[in-house]
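# Secondary and tertiary structure notes
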Amino acid sequence: MDLLLLATSWAHVLLAPYTKVEESFNLHATHDVLMYGVGRDNLYKFDHNTFPGAVPRTFIGSILLAWLTSPVAYVASQWGLLSTKLDLQIAVRLVLATLNATGFMLIRRTVCRRFGRPTGLIYVLLTCSQFHLPFWMGRTLPNMFALFPVNLGFYALYDRAPQSQYPTRRSVDVAFSLLTFTAVVFRSEVALLLAPLAIQALLLRHISFMRLIRIGFLSGMLSIALTVTIDSYLWNQWPLWPELYGIYFNVYQGKSSDWGTSPLHAYFLSHLPKLLLGSLPLAVLGAALDNRVRALIHPPVLFIVLISCLGHKEWRFIIYVVPLFNIAAARGAWWMVSRRKGGLFGRMTFLAAVGILALNYAITIVSTRASMANYPGGSALATFNDQYAHQHAVQVHISNLAAQTGASLFLQNHSPPYIPSMIAPATNDWVYNKTENLSPRDLTKSTPLTHLITESSVEFIRTGRWKLVDSVQGFSRWKWNLPRGGTAKVLEVPLRLSVLEMETNHQLYILERTK
């Protein structure tokens, strides 16, 4: 069962190896730590000096990820599995996916211990059948760095015998220390999850009030000292606590609303159903059946109520509660499949549970297929690298869309730096230019530029100075490919045709200067 969790997370990394702009800070920070280390003499080369983002983010997760990836990259290069920077990006993401999969493995063991092995198996199947969590657990969002210690905290808090009412004192201390560390260093919204968990622990007498304060204060101060020391050094600002700055910028100044606001009910009626898919009704059933599940679900529900008070809402802000809802869903699904099959009710509940799981997988397959075609920037730059692999002195400008949809530093394969275990290509004198806000006239007048990866081609070709070399398509939409004559005709569609068809369109163009 553990291998299934790991294989699912790895499959999503390998099927969609490129990244998007929201992943770029941690991805590029990991790149820079791998390539340059963290010595003061090389800090000016780091990408965040050029593209700092709206608010500073912590480097702690990226440093740890780079350190974990380094020996993996060395071994992979010795075995001939790592020869390009893109391979290194995939290695980085596989390491992160493995960490998060390990967290889910520990929770799976908790489920098996408290609810039985069949419920643990269903928990794994439900987790793997959901799109968002397995797809994103290997992506360098700050939330995915926070997910691992949050899951470790859940494991410490809930891993006990089936009828045990109290976790050990050490487990509670570890859980609240981890959650406090995560809220201070990685994602401040975890504090809104920590609060209801702490209230529940106090009400159930799992911990005394003074001990909770002592654990929170000690772990909080150590975490603040860690993040302020490391991030002030790397951002060259003193003192800097990135998550506190994020709260000031997004909450106190209200800048998060610049990225859009959603109604109060959006998490419950939109984001949570999207994350859980068919697991949501199963979780409701599980909570109705089992007191242990109800106790498990109260804190995440209250967390969503609290975070709903913020205007800007995204599914990733509540990703941490998915494992607990999946435990409840697994309990509900096991009740459905374990009914006696001799009667109509037992057969119907069994079929309903299997149908929900099958629907989950169908939605995930469709979503994964669309996502594979949703990174045109990465595809364009990889194509460009291959097409001109033997040409020297190439200078290519990467447009905004390309940079936001996969053209990361790891794809700059023909330009330094390289890790020591990687052999640099013979043509390593390229320049990858990501200067923003340049007009077609500016790009044409810039004589050093030999190539462009751009969103449009017509205005460049009209000048007579550029020729179209290639174009890259990206996902547009899904459409029903139903025959005329009613639904009965669906059965007559040849097997080689798909009832659901993915449409793509040209999104990026590769241009070469002619004169």
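Below, the structure is looked at part by part. (Residues numbered from 1 in each chain as written. Predicted model: local features only at pLDDT ≥ 70, side-chain atom pairs only at ≥ 80, totals over all residues. Heavy atoms only, no water.)

## Brief notes about the overall build of the chain
Note the threshold: Helix and strand definitions follow DSSP, with helices as H or I runs of at least four residues and strands as E runs of at least two, each counted in order from the N terminus. Atoms counted for the radius of gyration: C-alpha only. Globule rule: 2.2 Å times residue count to the power 0.38. Per-residue accessibility, obtained with a 1.4 Å probe over protein chains only, is compared with the maximum for each type, and a residue is labelled buried under 20%, exposed over 50%, and partly exposed between these values. Any pair of residues with heavy atoms lying within 4.5 Å of one another is described as a contacting pair. Computed with a 1.4 Å probe, the accessible areas rest on the Shrake-Rupley method; for each residue, only the protein chains presented here act as cover. His is not counted, nor are the chain ends; Lys and Arg add positive charge and Asp and Glu add negative charge. Here the site of a charge means NZ on Lys, CZ on Arg, CG on Asp, or CD on Glu.
Counting secondary structure elements, the chain contains 20 helices and 5 strands. Scaling as 2.2 N^0.38, a compact globule of 515 residues should have a C-alpha radius of gyration of about 24 Å, and the chain matches this with 25 Å. Here the C-alpha coordinates of the chain stretch approximately 75 × 70 × 50 Å along the principal axes. Considering the chain as a whole, with its 515 residues, one finds that 50% of them fall into the buried category. Contacts spanning at least 24 positions in sequence make up 80% of the contacts within the chain whose residues lie at least 6 apart. In the structure as shown, the chain presents an accessible area of about 24,000 Å², 62% of it carried by carbon and sulfur atoms. The chain carries 44 positive and 26 negative side-chain charges, and their two centres are separated by 11 Å.

## Quick notes on the nonpolar core
Cut-off, in case you're wondering: Take the buried residues of types Ala, Val, Leu, Ile, Met, Phe, Trp, Tyr and Cys, join any two whose side-chain atoms come within 4.5 Å, and each joined set is a nonpolar core.
Counting 128 residues, the largest nonpolar core has Leu88, Phe176, Tyr320, Phe384 and Ile453 as the members making the most contacts within it. Broken down by element, this core gets its largest block of residues, 15 residues, from helix α4 (residues 85-115). With near-sequence residues (within four places) excluded, Phe176 lies in contact with Leu157, Leu194, Leu197, Ala198, Ala201, Leu212, Ile215 and Ser219. In terms of nonpolar packing, the next biggest core, distinct from the first, is built from 6 residues, Leu443, Leu449, Leu452 and Phe460 among them.

## Brief notes about the sheet that holds strand β4 (residues 466-480)
Formally: Here, any two strands with at least 2 DSSP bridges between them count as paired. Where helices are involved, their axes are fitted lines through C-alpha atoms of the stretch in contact, as for all axes, and angles between N-to-C directions lie from 0 to 180°.
The 5 strands lie next to each other as β2-β1-β3-β5-β4, forming an open sheet whose pairing is mixed. A strand with exactly one partner marks an edge of an open sheet, and here the two such strands are β2 (431-433) and β4. Across this sheet, the average inter-strand angle for adjacent strands is 20°, counted without regard to direction. The sheet contact formed by strand β3 (residues 451-454) and strand β5 (residues 500-513) spans 4 bridges and is antiparallel. Bridge pairing links His451 to Glu512 in β5. Where helix α16 (residues 344-372) meets the sheet, it contacts β4 and β5, and its direction lies at approximately 165° from that of β4.

## Topic: the side chain of Lys20
The condition that has to hold: Any carboxyl oxygen of Asp or Glu that lies within 4 Å of a side-chain nitrogen of Lys or Arg is treated as forming a salt bridge with it. Each polar contact in these results corresponds to two N or O atoms within 3.5 Å; when the atoms are within protein, one needs to be able to donate a hydrogen and the other to accept it, and residues that are neighboring in sequence are counted only if both atoms are side-chain atoms.
In this structure, Lys20 sits in the loop between α1 (2-15) and α2 (24-36). The buried charged residue Lys20 lacks any salt bridge partner; its closest oppositely charged side chain belongs to Glu22, at an N-O distance of 6.2 Å. In terms of polar contacts, Lys20 uses its side chain to reach the backbone carbonyl oxygen of Asn374, at 3.3 Å. Discounting chain neighbours no more than four positions away, the residues touching Lys20 are Asn374, Tyr375, Gln404 and Thr405.

## Some words on the side chain of Lys85
One can find Lys85 in helix α4. Asp32 provides the closest opposite charge to the buried, unpaired Lys85, separated from it by 8.9 Å. Discounting chain neighbours no more than four positions away, the residues touching Lys85 are Met35, Leu409, Phe410, Gln412, Asn413, Ser415, Pro416, Pro417, Tyr418 and Met422.

## Thoughts on the packing of α4 against helix α7 (residues 142-158)
As a reminder, the rule being used: Oblique is the label for any angle not covered by the other classes, which are roughly parallel (under 35 degrees), roughly antiparallel (over 145) and roughly perpendicular (65 to 115). Note: crossing handedness is left-handed where the near helix turns anticlockwise from the far helix by less than a right angle, and right-handed where it turns clockwise.
Following both chains from N to C, one finds α4 and α7 inclined at 20°, their axes separated by 9 Å at the closest point. In terms of their interaxial angle, α4 and α7 are classed as roughly parallel. For the element pair α4 and α7, the recorded crossing hand is left-handed. In this structure, α4 uses Leu96, Leu99, Asn100, Thr102, Gly103, Phe104, Leu106, Ile107, Thr110 and Arg114 to contact α7, whose residues at the interface are Met144, Phe145, Leu147, Phe148, Asn151, Leu152, Phe154, Tyr155 and Tyr158.

## Things to note about the pairing of β3
The two faces of a sheet get side chains in turn, since along a regular strand they alternate between them. Residues His451 and Ile453 point to one face of β3 and Leu452 and Thr454 to the other, with burial holding for every one of them. Pairing geometry for strand β1 (residues 395-398) and β3, over 3 bridges, is parallel. Bridging from a neighbouring strand, His397 pairs with Leu452 of β3.

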